[in-house]
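Overview (structure and organization)
Single-letter residue listing:
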Amino acid sequence: MNPKITLIGPGAMGEAIIVGLLSKQITLPEFIFASGPIVERGEELKAKYGIVPLTDNVQAVQQADLVIMAVKPQILKKVMRGLKGHIPAQALVLSIVAGASIQTLSEGLAHTAIVRAMPNTPAQIGEGITVWTASPSVTPEQMELARQVLTALGAEIYEEEESHLDMATALSGTGPAYVFLFMEALIDAGVHMGFARKTAEQLVTQTILGSVLYYKKIGIHPAQLRNQVTSPGGTSAEALYYLEKAGFRTALSRAIWAAYERSLELGKGLNSKPPESKGEG
Ligand SMILES: NC(=O)C1=CN([C@@H]2O[C@H](COP(=O)(O)OP(=O)(O)OC[C@H]3O[C@@H](n4cnc5c(N)ncnc54)[C@H](O)[C@@H]3O)[C@@H](O)[C@H]2O)C=CC1
Ligand SMILES: O=C(O)[C@@H]1CCC=N1
């Protein structure tokens, strides 16, 4: 079918989407229109993937079957003002903008067929996970197109409840940040003990990868797998005692709740709330 796909915001996630579309042959490079203000960025994407770079969002959506919104939440209103009423009636809009609700997108663009999705950065190698939902006017064919596009980024989960999108933003959308911070902290701990950084990186990477693959293969609850590692009076029990004492689980849970609240705030357009105004309760 080779749908015409327009990407508004050809940044990190936008590029991941281009890679997914092309690797799964969802359309041809000459049917992908990437629109953003930086000419050099467009030329870079053209050179790498053969797509069509543009700097005029309105021109970019003229022929589109699918318009993917991938700009930062902070400029979404401005971008929508420019596009309002210009998206062809039969096109599907798929937004990955954190916090932006279907209602905001629908009103801002004067368009009814909207998919709201939340992917994550492992999408760049086709190993992401996306949670998505759709407005009532999205047709079965458009649902199928959205599913195809999102499958090109990795796994996908359709949710009826739009409120689950803000939850997914906090857990899986933002999730790689927690994982990489955890990795960094473990590597630094290895270096602190005296390992060469490269060795510490190798030990930590394979420990995390192996643990995840082991869990996926064996399919029992992580608590049971943790118990397997925790010998009576051993090293794991000692380490876990200190993690629990430091509030490891509560810190994670509070952080993810804060990300969830931030997603809700972004959705309400509360973009410039200073960090010190946030409660720690
Ligand atoms: N980075 C992440 O982990 C994830 C990001 N998202 C969402 O994806 C969206 C994009 O995020 P990133 O790719 O990380 O940001 P980014 O900053 O890499 O990309 C944004 C792009 O928009 C372009 N842009 C700026 N003004 C524009 C305009 N007026 N018209 C068209 N394009 C314009 C920028 O030049 C840039 O290329 C955000 O809304 C974010 O919430 C969703 C899931 C994960
Ligand atoms: O930090 C952010 O706002 C984006 C949305 C999900 C992950 N990163």
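The name given to the protein chain in an unreviewed UniProt entry is Pyrroline-5-carboxylate reductase, with the source organism recorded as Anaerolinea thermophila. Turning to the protein chain, the UniProt annotation filed under Subcellular location (unreviewed entry) states: "Cytoplasm". Quoted verbatim from the Sequence similarities (unreviewed entry) field of UniProt, the annotation for the protein chain is "Belongs to the pyrroline-5-carboxylate reductase family."

Each helix and strand in the protein chain was counted, giving 12 helices and 8 strands. Counting only C-alpha atoms and orienting by the principal axes, one finds that the protein chain spans roughly 65 × 40 × 35 Å. Residue burial in the protein chain is summarised as follows: out of 281 residues, 34% are buried.

Now for the pairing of strand 4 (residues 66-69). Burial along strand 4 is two-sided: Leu66 and Ile68 facing one way and Val67 and Met69 facing the other are all buried. Note: strand 4 against strand 5 (residues 92-95), 4 bridges, orientation parallel. In the sheet register, Val67 faces strand 5, and the bridge partner there is Val93. A crossover links strand 4 with its parallel partner strand 5, the connecting element being helix 4 (residues 73-83), and its sense is right-handed.

The next point concerns the site of ligand 1. By nearness alone, 27 residues border ligand 1, and Gly9, Gly11, Met13, Val97 and Ala98 come closest of all. Of all the secondary structure elements, the ones that give two or more residues to the shell around ligand 1 are helix 1 (12-23) and helix 4. Partitioned by chemical class, the residues of the shell around ligand 1 number 16 nonpolar, 9 polar and 2 charged.

Here the focus is the site of ligand 2. The local shell around ligand 2 consists of Ala98, Thr169, Gly173 and Thr174. Considered class by class, the residues forming the shell around ligand 2 number 1 nonpolar, 3 polar and no charged.

The next point concerns the packing of helix 8 (residues 175-193) against helix 9 (residues 197-218). Where helix 8 meets helix 9, the closest approach of the two axes is 8 Å, and the angle between their N-to-C directions is 135°. In terms of orientation, helix 8 lies oblique with respect to helix 9. Helix-helix and strand crossings are classified by hand; for helix 8 and helix 9 the assignment is right-handed. The segment helix 8 lies against helix 9, with Met183, Leu186, Ile187, Gly190 and Val191 engaging Arg197, Ala200, Glu201, Leu203, Val204 and Ile208. Looking at the contact of helix 8 with helix 9 residue by residue, the classes come out as 8 nonpolar, 1 polar and 2 charged.

Let us look at the UniProt feature "binding site: NADPH" (unreviewed entry) in the protein chain. In this numbering, the UniProt entry assigns the feature "binding site: NADPH" (unreviewed entry) to Asn57. Checked against the element boundaries, Asn57 lands in helix 3 (residues 57-61). C-beta crowding within 10 Å serves as the criterion here: with 23 such atoms nearby, Asn57 is assigned to the buried category. Ignoring anything within four residues of it in the chain, the contact list for Asn57 reads Ile8, Ser35, Val79, Gly82 and Leu83.

Looking at the secondary structure, you find Thr6 in strand 1 (residues 5-8). Residues Thr6 and Asp65, spaced 59 residues apart in sequence, show a C-alpha to C-alpha distance of 8.0 Å. Sequence-distant contacts of Thr6, defined by excluding residues within four places in its chain, comprise Phe33, Ser35, Ala60, Val61, Ala64, Val67 and Ile68.

To continue, consider the sheet that holds strand 5. Taken in spatial order, the 8 strands of this open sheet run 3-2-1-4-5-6-7-8, and their pairing is mixed. Bordering the open sheet on either side are strand 3 (52-54) and strand 8 (154-158), each of which pairs with just one other strand. Direction aside, the axes of adjacent strands within the sheet are offset by 20° on average. With respect to the sheet, helix 2 (residues 39-49) is in contact with strand 2 (32-35) and strand 3, its orientation differing from that of strand 3 by roughly 175°.

Rules behind the numbers
- Residues numbered from 1 in each chain as written.
- Chains lettered and ligands numbered in written order.
- Predicted model: local features only at pLDDT ≥ 70, side-chain atom pairs only at ≥ 80, totals over all residues.
- UniProt positions renumbered as here; feature names shortened; annotations may be inferred.
- Helix = DSSP H or I, 4+ residues; strand = E, 2+ residues; numbered from the N terminus.
- Buried ≥ 20, exposed ≤ 12 C-beta atoms within 10 Å, placed from the backbone.
- Pairing = 2+ DSSP bridges.
- Right-handed = clockwise from strand over helix to strand, strands pointing away.
- Near = placed C-beta within 6 Å.
- Nonpolar A, V, L, I, M, F, W, Y, C, P; charged D, E, K, R; others polar.
- Axes fitted to C-alpha atoms, helices over the stretch in contact; angles between N-to-C directions.
- Parallel < 35°, antiparallel > 145°, perpendicular 65-115°, else oblique.
- Left-handed = near helix turned anticlockwise from the far one by under 90°.
- Contact = placed C-beta atoms within 7 Å.

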